[in-house]
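Here's the letter readout for the chains.
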Amino acid sequence: MNGRLYLEDPYKIEFEAEILEKINIKNKLGIVLDQTCFYPESGGQPSDRGEINGKKVIKVLELNDKVVHLIEEDISEKKVRGIIDWNIRFDHMQQHTGQHILSQSFIKILGAETLSFHIGEFESTIDVNLKSIDGEDIERVELLANEIIYQNRDVKSYFIRRDEVEKYKLRKAPPNKDRIRIVEIEDFDFSACGGTHCKKTGEVGIIKVKKWEKMKGNFRIYFVCGKRALKDYSEKNRIINKLISEFSVNEKEIIKSVERLRTECKDYRKRLSKLQEKLVFYEAEEIIQSSKEKIIKKVFKEREVNEIKYLALKIIKRGDFAVIFGLEKGQRVHLFMGRSEKISVDLRKIVERIAPLIEGRGGGRPDYIEIGGERKENLEKAIDEAYKYIKTFI
Ligand SMILES: [Zn+2]
């Protein structure tokens, strides 16, 4: 544990060191220093980022008790100067300290242990052993967690010997090591942890649970702390303000407005489909009246597939007709063929004859088939082929 400056002072961001070793890890150059401020990814906390002698540190790993800094370019000097990205470090401190507070709050309010923890790029998660949870439970937990923040309690860290563990009410079993690092939130939480934390709970700013979902028989809690929570609040406020101006209502009426709009939309859709049905009925009559023979051919452009299908079915029920309808829609073409009961042709036999013409595929019943294809330019030809075939049965 020697030389891990972040354990003594997580606020220290610059340091001087000597290169002890260079290691190749998956074609990336890793360097080991005699001391470092860089936190290596572990225990759910991602690694720090920053620079060593002006060279970018891509990732920091823990390998056989050594801290290995993966850098983008080799460093020729032996003595180096490192600087970590403070914004990322402080963000991790806020999320991580917030997690300790939140995990203990889950124990105090719901008796739920934290099973795992992860700081993600946008939000952090803990998995808690709960079989069920609701919004009110979450609010109670959040309230306690944020009270602990407002009370601005001290957060201390120190090492203890293994035989002293019994004296501390640790939140979870400590690692099997001779010396164990304790992170203590004054009179609230004791946890064995090697991460970086704030000095005072007040620095966490706020803890907000965003959502929760079932995960392998437990619950996964998504939360944000500090600046992430502020960013999240700003984003939500922007959305709310946009909705307020779209609906011309106040904040509290937005949900009602959305619900009303949804109901209206549903009603309109129903009415529209009824009107469409009626229209198709009249259209079918019109087509029948103007056709001179029993086989009716027609090409439609940019209509709904279902509408044309409905139209075809409507006509073959009205009398002894066979219909061959083509539809050009976007880049595709569709063919619809149907016949009345008295015309005894198995339309499925047409599919293999004309589907290749439009590079299409299809099928159906003996009295009704559909083919969808790509070659628009051959639509008329396909219709003529189908016509010739059907004609022999009439
Ligand atoms: Zn921690």
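Look above for the structure.
These notes cover the structure that comes with them. None of these values were measured; they are calculated from a predicted model.

When helices and strands are tallied, the protein shows 8 helices and 18 strands. Relative to its length of 394 residues, the protein is extended, with a C-alpha radius of gyration of 35 Å against a globular reference of 21 Å. Dimensions of the protein along its principal axes, counting C-alpha atoms only, are 100 × 55 × 40 Å. Across the 394 residues of the protein, 43% fall into the buried class. Restricting to contacts in the protein with at least 6 residues of sequence separation, those with at least 24 account for 60%. By element, 49% of the accessible surface of the protein is carried by carbon and sulfur atoms, the whole surface being about 23,000 Å².

What follows is about the nonpolar core. If you look at soluble globular proteins, the nonpolar side chains tend to sit buried side by side. In terms of nonpolar packing, the biggest core is built from 30 residues, with Ile101, Leu102, Phe106, Ile126, Val128, Ile207 and Ile221 touching the most fellow members. With 24 residues, the next largest nonpolar core counts Val351, Ile354, Ala382 and Ala386 among its residues.

Next up on the list: the coordination of the zinc ion. Protein coordination at the zinc ion comes from His96 (NE2), His100 (NE2), Cys193 (SG) and His197 (NE2), with a distance range of 2.0 to 2.2 Å. For the zinc ion, the 4 donor atoms in the first shell make angles of 99 to 124° at the metal, so the coordination geometry reads as tetrahedral. Summarised as a motif, the one-chain spacing of the donors to the zinc ion is H-x3-H-x92-C-x3-H. On the criterion of sequence distance, the pair formed by His100 in helix α2 (residues 86-110) and Cys193 in the loop between β11 (189-192) and β12 (207-215) is long-range, its members being 93 residues apart. Considered together, His100 and Cys193 belong to a single accessibility category, that of buried residues.

In this section: the sheet that holds strand β2 (residues 28-33). Strand order in the closed barrel formed by 6 strands is β1-β2-β5-β4-β3-β6, with antiparallel pairing between adjacent strands. Direction aside, the axes of adjacent strands within the sheet are offset by 50° on average. Pairing between strand β1 (residues 14-25) and strand β6 (residues 79-84): 5 bridges, direction antiparallel. Across the sheet, residue Glu18 finds its bridge partner in β6, namely Lys79.

The volume enclosed by the largest pocket comes to roughly 630 Å³. Taken together, 25 residues make up the lining of the largest pocket; nearest its centre are Asp91, Gly120, Glu121, Phe122 and Arg228. Elements with a contribution of two residues or more to the lining of the largest pocket: β4 (55-63), α2 and α4 (226-247). Sorting elements by how many residues they give to the lining of the largest pocket places α2 first, with 6 residues.

According to the stated counting rule, one finds 9 aromatic pairs in the structure shown. Ring centres of Phe15 and Phe38 lie 6.0 Å apart, and the angle between their planes is 80°; this geometry places the pair in the edge-to-face category. Remark: Phe38 occurs in the loop between β2 and β3 (50-52) and Phe15 occurs in strand β1; sequence separation between them is 23 residues. There is no split in this pair, since Phe15 and Phe38 are both buried. Between the aromatic rings of Tyr158 and Tyr168, the centroid separation amounts to 6.1 Å while the plane-to-plane angle is 45°, which identifies the pairing as tilted. Highlighted residues: Tyr158 in strand β9 (residues 155-161) and Tyr168 in the loop between β9 and β10 (179-185), separated in sequence by 10 residues. A residue is classified by how much of its surface remains accessible, and Tyr158, at 22% relative accessible area, is partly exposed. Judged by its relative accessible area of 24%, Tyr168 is partly exposed. By the ring-pair criterion, three or more aromatic residues cluster together here, those being Tyr11, Trp86 and Phe90. Seen from the ring of Phe159, Arg179 lies directly overhead, with NZ or CZ sitting 4.4 Å from the centre.

Taken as a whole and assessed by the stated rule, the structure comprises 33 salt bridges. For the salt bridge of Glu164 with Lys167, the shortest nitrogen-to-oxygen distance reads 3.9 Å. Judged by relative accessible area, which is 17%, Glu164 ranks as buried. Given the relative accessible area of 66%, Lys167 is considered exposed. Here Arg375 makes a salt bridge to Glu377, at a shortest N to O gap of 3.1 Å. Arg375 gets classed as partly exposed once you look at its relative accessible area, which sits at 32%.

Let us look at the packing of α4 against helix α5 (residues 254-290). Following both chains from N to C, one finds α4 and α5 inclined at 55°, their axes separated by 10 Å at the closest point. Overall, the two elements α4 and α5 adopt an arrangement that is oblique. Along this stretch, α4 crosses α5, giving a crossing that reads as left-handed. Of the residues in α5, those in contact with Ile240, Leu243, Ile244 and Phe247 of α4 are Ile254, Ser257, Val258 and Leu261. Here the residues of the contact of α4 with α5 sort into 7 nonpolar, 1 polar and no charged.

On to the pairing of strand β7 (residues 114-119). With 5 bridges connecting them, β7 and strand β8 (residues 124-128) associate as antiparallel partners. Bridge pairing in β8 links His118 to Thr125. Taking the residues that link successive antiparallel strands as the turn, the β7-β8 hairpin has 4 residues.

What counts and what doesn't
- All residue numbers refer to positions counted from 1 along the written sequence of the respective chain.
- Owing to the predicted nature of the model, reporting of local features is limited to residues with pLDDT of at least 70; listing and counting of side-chain atom pairs is limited to 80 or more, with chain, interface and lining totals taken over all residues.
- Values shown for side chains rest on all heavy atoms present in the structure; no hydrogens or waters enter the calculation.
- Every helix listed is a DSSP run of H or I at least four residues long, and every strand listed is a run of E at least two residues long, numbered separately from the N terminus.
- We take the radius of gyration over the C-alpha atoms and set the globule estimate at 2.2 Å times the residue count to the 0.38 power.
- For each residue, the accessible area found with a 1.4 Å probe, counting protein chains only, is set against the maximum for its type, and the residue is called buried under 20%, exposed over 50%, and partly exposed in between.
- Note on definitions: a residue-residue contact is assigned when non-hydrogen atoms from the two residues lie within 4.5 Å.
- Per-residue and other accessible areas were derived by the Shrake-Rupley procedure at a 1.4 Å probe size, with only the shown protein chains allowed to occlude residues.
- Working definition of a nonpolar core: buried Ala, Val, Leu, Ile, Met, Phe, Trp, Tyr and Cys residues. They are joined through side-chain atoms within 4.5 Å.
- Counted as donors are the N, O and S atoms within 2.8 Å of the metal, or 3.2 Å for Na, K and Ca, while water is not among the atoms, so some sites may look incomplete.
- Site shape is set this way: if four donors have all angles between 85 and 135 degrees, tetrahedral; if opposite donors are over 155 degrees apart and all others between 65 and 115, square planar for four donors and octahedral for six; otherwise irregular.
- Here a strand pair is declared whenever DSSP counts at least two bridges between the two strands.
- All axes are obtained by fitting lines to C-alpha atoms, using only the stretch in contact for helices, and the reported angles, taken between N-to-C directions, cover 0 to 180 degrees.
- Here a cavity means grid points, on a 1 Å grid over the protein atoms only, where a 1.4 Å probe fits yet cannot get out; a pocket means an open set of points with protein on both sides within 12 Å along at least five of seven lines; lining residues are those with an atom within 4 Å of a point.
- Grid points are joined across faces, edges and corners, and a volume is the space filled by probe spheres set on the points.
- Stacked, tilted and edge-to-face are the three classes applied to pairs of Phe, Tyr and Trp rings, where Trp contributes its six-membered ring and a pair requires centres within 6.5 Å; stacked means planes under 30 degrees apart, edge-to-face means over 60, and tilted covers the rest.
- Lysine NZ or arginine CZ positioned within 6 Å of the ring centre and within 35 degrees of the ring normal marks a charge as sitting over the ring.
- For this document, the term salt bridge refers to a Lys or Arg side-chain nitrogen within 4 Å of an Asp or Glu carboxyl oxygen.
- An angle counts as roughly parallel when it lies under 35 degrees, as roughly antiparallel when it exceeds 145, as roughly perpendicular when it falls between 65 and 115, and as oblique in every other case.
- Rotating anticlockwise by less than a right angle from the far helix to the near helix defines a left-handed crossing, while the corresponding clockwise rotation defines a right-handed one.
- Polar here means any residue other than Ala, Val, Leu, Ile, Met, Phe, Trp, Tyr, Cys and Pro, which are nonpolar, and Asp, Glu, Lys and Arg, which are charged; Gly is therefore polar.

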